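A look at the structure
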Amino acid sequence: MIRFILIQNRAGKTRLAKWYMQFDDDEKQKLIEEVHAVVTVRDAKHTNFVEFRNFKIIYRRYAGLYFCICVDVTDNNLAYLEGIHNFVEVLNEYFHNVCELDLVFNFYKVYTVVDEMFLAGEIRETSQTKVLKQLLML
Amino acid sequence: MLGYPAHFGQMECVRMIASPRYSEKRVGYLGAMMLLDEKQDASLLITNSIKNDLSHSNQYVQSLALCTLACMGSAEMCRDLAPEIDRLLRASNSYIKKKAALCAVHIVRKVQDLGELFAPAARSLLSEKNHGVLHGAVVLITELCERNPETLERFRKTVPDLVQIMKGLVISGYSPEHDVAGISDPFLQVRILRLLRILGRNNEAASDAMNDLLAQVATNTDSTKTVGNAVLYETVLTVLDIKSESGLRVLAVNILGRFLLNNDRNIRYIAMTSLQRIVGTDHNAVQRHRGTIVDCLKDQDASVKRRALELSLALVSASNIRSMMKELLLFLSSCPPELRAQAASGIFYAAERYAPSQRWHIDTILHVLTTAGGDVRDETVPNLIQLITNASELHCYTVHKLYRALLNDISQQSLVQVACWCIGEYGDLLLRGECHETEPAQVTEDDVLDALETVLQSHMSSPATRGFALTSTMKLSTRITDNVDRIRSIVSIYGSCIDVELQQRAVEYNALFKKYDHMRAAVLERMPVIEKNSPGHTNGESAGEPMKEIQPPKVKQREPLLPQQPANQVCDLLGLLGGSEEPLQPSPAPGLSLNTASTAGGDLLDLLGGLEPTPPAPAPTVTVYEKDGVTLTLSCEKQSDSVLTVTLTASNSTDSDMSSFTLQAAVPKSVQLHMKAPSGDFLPARGAAKVTQLVVLNNPNKVNLKMRIRVSYTSQGSAFQDTVQIDSFPGLSAAGH
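Position numbers for residues count from 1 along each chain, tracking the sequence in the order it is written. As a convention, the first chain written is A and the first ligand written is 1, with the rest following in written order. Whole-chain, interface and lining totals are the exception, using all residues; otherwise, since this is a predicted model, local features are given only for residues with pLDDT of at least 70 and side-chain atom pairs are given and counted only at 80 or more. For the side-chain quantities, the full set of heavy atoms in the structure was used; hydrogens and water were omitted.

The next subject is the overall build of chain B. Helices and strands together make up the secondary structure of chain B, namely 31 helices and 10 strands. Any two residues whose heavy atoms approach within 4.5 Å at even a single point are treated as in contact. Across chain B, the fraction of contacts at a sequence separation of at least 24, relative to all contacts at a separation of at least 6, is 67%. Of the roughly 32,800 Å² that chain B leaves accessible, carbon and sulfur atoms contribute 52%. Segments assigned H or I by DSSP are reported as helices when at least four residues long, segments assigned E as strands when at least two residues long, and all are numbered from the N terminus. Surface accessibility in these figures is a Shrake-Rupley result with a 1.4 Å probe; residues are shielded only by whichever protein chains are displayed.

On to the overall build of chain A, then. From N to C terminus, chain A includes 5 helices and 7 strands. Scanning chain A from its N terminus toward the C terminus, one meets helices and strands in the order β-β-α-β-β-β-α-α-α-β-β-α. Within chain A, contacts between residues at least 6 apart in sequence are counted, and of these 49% link residues at least 24 apart.

In this section: the packing of helix α4 (residues 107-117) of chain A against helix α5 (residues 128-137) of chain A. Residue and element names in this part refer to chain A. Comment: axis = line fitted to C-alpha atoms, over the contacting stretch for helices; angle = value between 0 and 180 degrees taken between N-to-C directions. In contact at an axis separation of 10 Å, α4 and α5 are set at 135° when each is read in the N-to-C sense. Classed by the angle they form, the pair α4 and α5 counts as oblique. Classified by chirality, the crossing of α5 by α4 is right-handed. From α4, Thr 112, Val 113, Glu 116 and Met 117 reach across to α5, where they touch Val 131, Gln 134 and Leu 135. Grouping the constituent residues of the contact of α4 with α5 by class yields 4 nonpolar, 2 polar and 1 charged. For classification, angles of less than 35 degrees are called roughly parallel, those exceeding 145 degrees roughly antiparallel, those between 65 and 115 degrees roughly perpendicular, and all remaining angles oblique. Should the near helix be turned anticlockwise from the far one by less than a right angle, the crossing is termed left-handed; should it be turned clockwise, right-handed. Charged residues are taken to be Asp, Glu, Lys and Arg, nonpolar residues to be Ala, Val, Leu, Ile, Met, Phe, Trp, Tyr, Cys and Pro, and polar residues to be all remaining types, Gly included.

Residues and elements named next belong to chain B. Basic side-chain nitrogens of Lys or Arg form a salt bridge, by our definition, when they fall within 4 Å of a carboxyl oxygen of Asp or Glu. Taken as a whole and judged by the stated rule, the model has 27 salt bridges over all chains. A salt bridge links Glu 234 to Arg 197, with the nearest nitrogen and oxygen atoms 3.0 Å apart. Of this pair, Glu 234 sits in helix α13 (residues 226-241) while Arg 197 sits in helix α11 (residues 186-200); the two residues are 37 residues apart in sequence, bridging distant segments of the chain. Neither Glu 234 nor Arg 197 differs from the other in exposure class; each is buried. Close ionic contact of Arg 486 with Asp 450 constitutes a salt bridge, the shortest N to O distance being 2.7 Å. Separated by 36 residues along the polypeptide, Arg 486 in helix α27 (residues 484-493) and Asp 450 in helix α25 (residues 445-457) bring together distant segments of the chain. The cut-offs for exposure are 20% and 50% of the maximum accessible area for each residue type, with area from a 1.4 Å probe on protein chains only; residues under the lower value are buried, those over the upper are exposed, and the others partly exposed.

Turning next to the pairing of strand β7 (residues 672-675) of chain B. All names here are of chain B. Side chains Leu 673 and Met 675 of β7 all project onto a buried face; the interleaved residues Gln 672 and His 674 project onto a face where none is buried. A pair of strands counts as paired when DSSP detects no fewer than two bridges linking them. In this sheet, strand β8 (residues 691-698) lies alongside β7 in antiparallel orientation, the contact comprising 4 bridges. Residue pairing in the sheet places His 674 in a bridge with Val 696 of β8.

Okay, the interface of chain A and chain B next. Between chain A and chain B, the residue contacts involve 46 residues of the former and 49 residues of the latter. Buried area: the accessible area, evaluated with a 1.4 Å probe, that two parts lose upon being put together, summed over both parts. In terms of surface lost to chain B, no three residues of chain A exceed A:Gln22, A:Leu78 and A:Arg124, which account for 14% of the buried area on that side. Here chain A is connected to chain B by 6 salt bridges. Where A:Glu51 meets B:Arg307, a salt bridge forms, and the shortest distance between an N and an O atom there is 2.6 Å. We define a polar contact as two N or O atoms separated by no more than 3.5 Å, with the added condition that, inside protein, one atom must be a possible hydrogen donor and the other a possible acceptor, whereas residues neighbouring each other in sequence contribute only through side-chain atom pairs. The tally of links from chain A across to chain B stands at 12 residue pairs in polar contact (both at pLDDT 80 or more). The set of elements that each furnish at least two residues to the side of chain A that touches chain B consists of β2 (14-19), β3 (49-52), α2 (77-95), α4, β7 (122-123) and α5 of chain A. Top element by residues in the side of chain A that touches chain B is α2(A). It accounts for 8 residues. By residue class, the composition of the side of chain A that touches chain B is 17 nonpolar, 16 polar and 13 charged.

Here we come to the environment of B:Leu251. Locating B:Leu251 in the fold gives a position in helix α14 (residues 246-261). We classify B:Leu251 as partly exposed; its relative accessible area is 28%.

Turning our attention to the nonpolar core. Counting residues in each nonpolar core, the largest one holds 225 residues, and the members touching the most others are A:Phe118, B:Ile85 and B:Phe118. Looking at this core element by element, the count peaks at 11 residues for helix α24 (residues 413-432) of chain B. Setting aside residues up to four positions removed in sequence, B:Ile85 forms contacts with B:Leu54, B:Leu66, B:Leu69, B:Ala100, B:Cys103, B:Ala104, B:Ile107 and B:Phe118. Counting 29 residues, the second largest nonpolar core, distinct from the first, contains B:Leu634, B:Val695, B:Met707 and B:Ile709. To qualify as a nonpolar core, a set must consist of buried Ala, Val, Leu, Ile, Met, Phe, Trp, Tyr and Cys residues joined through side-chain atoms within 4.5 Å.

Pairing between the strands of a sheet comes from backbone hydrogen bonds, and it takes one of two forms, parallel or antiparallel. Residues and elements named next belong to chain B. Read across the open sheet, the 5 strands follow the order β3-β4-β5-β8-β7; overall the sheet is antiparallel. What marks the edges here is a single partner per strand, and that holds for β3 (621-627) and β7. Going across the sheet, the axis of each strand differs from the next one's by a mean of 20°, ignoring polarity. In this sheet, β8 lies alongside strand β5 (residues 643-652) in antiparallel orientation, the contact comprising 8 bridges. Its bridge partner lying in β8, Leu 644 is registered against Leu 697.

This next bit is on the packing of α14(B) against helix α15 (residues 265-278) of chain B. Residue and element names in this part refer to chain B. Direction vectors running N to C along α14 and α15 enclose 145°, while the axes themselves pass 8 Å from each other. In this structure, α14 meets α15 at a crossing whose hand is left-handed. Seen from α14, the contacting residues are Val 253, Leu 256, Phe 259 and Leu 260; seen from α15, they are Ile 267, Arg 268, Ala 271, Met 272, Ser 274, Leu 275 and Ile 278. When grouped by side-chain class, the residues that make up the contact of α14 with α15 number 9 nonpolar, 1 polar and 1 charged.

Attention now moves to the side chain of B:Lys99. Along the chain, B:Lys99 turns up in helix α6 (residues 94-110). Accessibility expressed as a relative area gives 2% for B:Lys99, which makes it buried. There is a polar contact of 3.4 Å between the side chain of B:Lys99 and the side chain of A:Glu116. B:Lys99 has contacts with A:Asp115, A:Glu116, A:Leu119, A:Arg124, B:Ser63, B:Leu66 and B:Cys67, leaving out every residue within four places of it along the chain.

Moving on: a negative patch on the surface. Candidate patch residues must exceed 30% relative accessible area and have no salt bridge, after which like charges are joined if within 9 Å and Val, Leu, Ile, Met, Phe, Trp or Tyr side chains if within 5 Å. Counted charges follow a simple rule, with Lys and Arg positive, Asp and Glu negative, and His plus the chain ends left uncounted. We put the charge of a Lys on NZ, of an Arg on CZ, of an Asp on CG and of a Glu on CD. There is a patch of like negative charges on the surface, built from B:Glu204, B:Asp208, B:Asp212 and B:Glu245. Topologically, B:Asp212 is positioned in helix α12 (residues 204-220).

Before going further, it helps to examine the packing of aromatic side chains. Any two of the Phe, Tyr and Trp rings considered here, Trp counted by its six-membered ring, make a pair once their centres fall within 6.5 Å; the pair's planes then place it as stacked at under 30 degrees, edge-to-face at over 60, or tilted in between. Within this structure, the stated rule accounts for 12 aromatic pairs over all chains. A ring pair is formed by A:Trp19 and A:Phe23, whose centres lie 5.7 Å apart and whose planes are at 75°; its orientation type is edge-to-face. Look at A:Trp19 and you get buried, because its relative accessible area is 13%. Measuring from ring centre to ring centre gives 6.3 Å for B:Trp421 and B:Tyr426, while their planes differ by 80°; the resulting arrangement is edge-to-face. By relative accessible area, B:Tyr426 is classed as buried at 3%. An aromatic cluster is built from A:Tyr62, A:Phe67, A:Phe87 and A:Phe118, whose rings are joined through pairwise contacts.

This part covers the environment of B:Ile165. Residues and elements named next belong to chain B. In this fold, Ile 165 is placed in helix α10 (residues 159-171). By relative accessible area, which is 18% here, Ile 165 ends up buried. With 39 residues separating them in the primary sequence, Ile 165 and Leu 126 have C-alpha atoms 9.3 Å apart. Not counting chain neighbours up to four residues away, the residues in contact with Ile 165 comprise Leu 126, Leu 134 and Ile 192.

What follows is about helix α21 (residues 358-372) of chain B. A turn of α-helix holds 3.6 residues, and therefore any two residues three or four places apart point the same way. Residue and element names in this part refer to chain B. Here the expected span of a helix is defined as 1.5 Å times the quantity of residues minus one. Helix length check: α21, at 15 residues, gives a terminal C-alpha distance of 21 Å against a target of 21 Å (1.5 Å per residue), a fit within 8%. Those residues of α21 lying buried are Trp 360, His 361, Ile 362, Thr 364, Ile 365, Leu 366, Val 368, Leu 369 and Ala 372. Its buried side turned inward, α21 meets α19 (321-334), α20 (337-354), α22 (380-390), α23 (395-408) and α24. Measuring from the side-chain oxygen of the N-cap residue of α21 to the backbone nitrogen of Trp 360 gives 3.2 Å; that N-cap residue is Ser 357.

All names here are of chain A. Pairing is antiparallel in the open sheet, where 5 strands are placed in the order β2-β1-β5-β4-β3. Taken across any chain shown, the strands that pair with only one partner, and hence form the sheet edges, are β2 and β3. Neighbour to neighbour, the strand axes of the sheet diverge by 20° on average, direction disregarded. The pairing of strand β4 (residues 55-62) with strand β5 (residues 65-71) spans 7 bridges and is classified as antiparallel.

Our next topic: helix α26 (residues 463-479) of chain B. The end-to-end C-alpha distance of α26(B) is 25 Å, a good match for the 24 Å that 17 residues give at a rise of 1.5 Å each. Of all 17 residues in α26(B), 14 are buried; the element is thus mostly enclosed.

Residues and elements named next belong to chain B. Along the chain, pLDDT gives the predictor's confidence residue by residue, from 0 to 100. Scored by pLDDT, chain B has a mean of 74; 82% of the residues are at 70 or more. Mean pLDDT per element in chain B: helix α31 (residues 595-608) is the minimum at 40, and helix α28 (residues 500-514) is the maximum at 84. Across residues 534-618 the pLDDT falls below 50, and counting only partners more than four positions away or on other chains, this stretch makes 112 contacts in the model. This model gives residues 733-737 a pLDDT under 50, and the stretch forms 9 contacts once residues within four places in sequence are excluded. Predicted as a complex, the structure gets a pTM of 0.60 and an ipTM equal to 0.77.

Okay, structure coming up:
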């Protein structure tokens, strides 16, 4: 099950935070800082999976943004890696060559996309065409 | 939200959700998901709105409501709205069904009992064509089965259906909608495989039904891209978990082996994680890939290294112990610090189980100690010592090696401790110079004592290590012949060490030299072979026992080896004092009449109980002692009902100076005594200066206050001592407060 999804830039500013588990506000802040600390020091030599507290983080870096998904230890890493890529491709299609500013200015739209593709801690819709069709209707 | 307080938005959200316009609803729900969570009370207010919206005619409104419920629904909200969700699961709109399925997943996670409510609906969803709905249904069924074993039994019957669906996915041609890099809907495949894993666990019939399918997936899936590998990985996990036939298991392990050879680090990592799980059961299969795993020890990623280390340690066996150990020792010298402790203890464990020879074992342990001595666990030292005593023919070899290691480097505490112990124990073998197993070095007694002294004096040595070194120096006094005086001088120097542990040892050894010389040889002879697994490795003689921690100064536990003269007098005072310890503390006298120790001890202990000194001016003074030119006057002042401050002033009217002047005091049992630091211990002649000492007495029970004072000093080279008893205190009434 996905615990949370986080999109951060290299400087540590959060562009999107979607929580699928109950955390207090200060816990959330602490988690954000910890994830940033763990993920930014890694480079291409490292794997895309990090053990983090009693979960694991699967992350991928696209230009200046880190897309991190925090899942349980028993989940399939590679599948979620592909999920991240799927999500980014949908964003790309939706915003027509997405960049970080798009995420900043249209954050509500980004949340809608997230809700279309992930729900209740699981991957919901995997077909990019379907998601885009629905988004255009909204 | 994102770290900023946002309570102002909560009521706005509630209002907007209730509004009939879609755009406002949308913003309201988004705000609700962001700002509200189950702990906030405002979330209860939106329950009714959600309920209404779930029956709305517009599917988008319904979906918003479902989303919000799935995201932050609390347990009460879930209970209220569960029937609605169930209804929606049977709706005709697949868009809604998808969301409803995942919403049901959230509800089941929050409130387990509602699972039965959704089971029949979930079953019927399996026959959907829409992948999204199917995906949601599979997730829901997975969740239900994980939580409830009865549901699990019921859903076992669906295995054929699931197999059918999978087959369709795998074999069917290119479907543009769900295709990811050539594989149709890998996410759904992974999910179904996971559900099959849960259904097939511990169940023969279900596992049989899946065998063909799994074989097919394993062989057909394209493994050049990550997606393919994701599906293969899930397949492997499923095969290993269910009761599959052996051919299938071999196939699975082979796939993992292929993963290990992959260039992509990610894939190697997850391969090692899975191999870790099966190394217990399919040991031989994993052994075949030992070479690759050992290579991964040199990878740059720390998590890959950790996995490789765990796997390598699990793969060590009697046949490959030598080569594996070489690799592991190489790894230890270059591994990141957080893995050192684990690697060291793993190596020890492996060496203990599979050591081909004792000499190899000792060599390995020494190697580990020299490279990573700081990270090994504390029990390694006694274990190693016990091992060495057991290998009696290797004593000579061991002590030579340890001596050389000691000369090299004294910073690794465990190594130094073992080396000191061995040199102390087998020093005669070292000095004899002949050794079969290694080239002998010409070692003189001075060299050995130099080495031990370096350890004693080095600031790098921990207190425990210095204890070891001192004891081994002492043991050498029976093993060597020429330099016994040197040993005596070393030992007596430490009789005044600040570290109380060392001081105690030194004083006891000094006593061994002086009064109990006839016993020395017997006390310090060779240790018997220690039995394995004896708790604490207790030995008969306390002199030889390696002490790990510094015991706090226990004034009571004086060994009978310490029959000092002052101690006898202290015992006299003990008669007055009964059992109370505190009054004894200002006069510790664990050493001989070396004053620095006692005043230092007194200072330390006085600091612990300090009260403010009071001005003695208004108090009347009384001369309590006058003899041999030493005059002692006393004045008291009451601080409170039970606390009394006594000032003792001493002056010297003789023609010669007095040094090492100390006052010790004892009081009746129920009275507490605190002696402050004296102003000095030197009384110049003819009353040129005085020494004052403050004593604080606490008399809570208001007993008759008496005090016995012992005066000791050195004048003209000889020591003097005298005792005086004070029965009445000026400033107190005769009844005695």
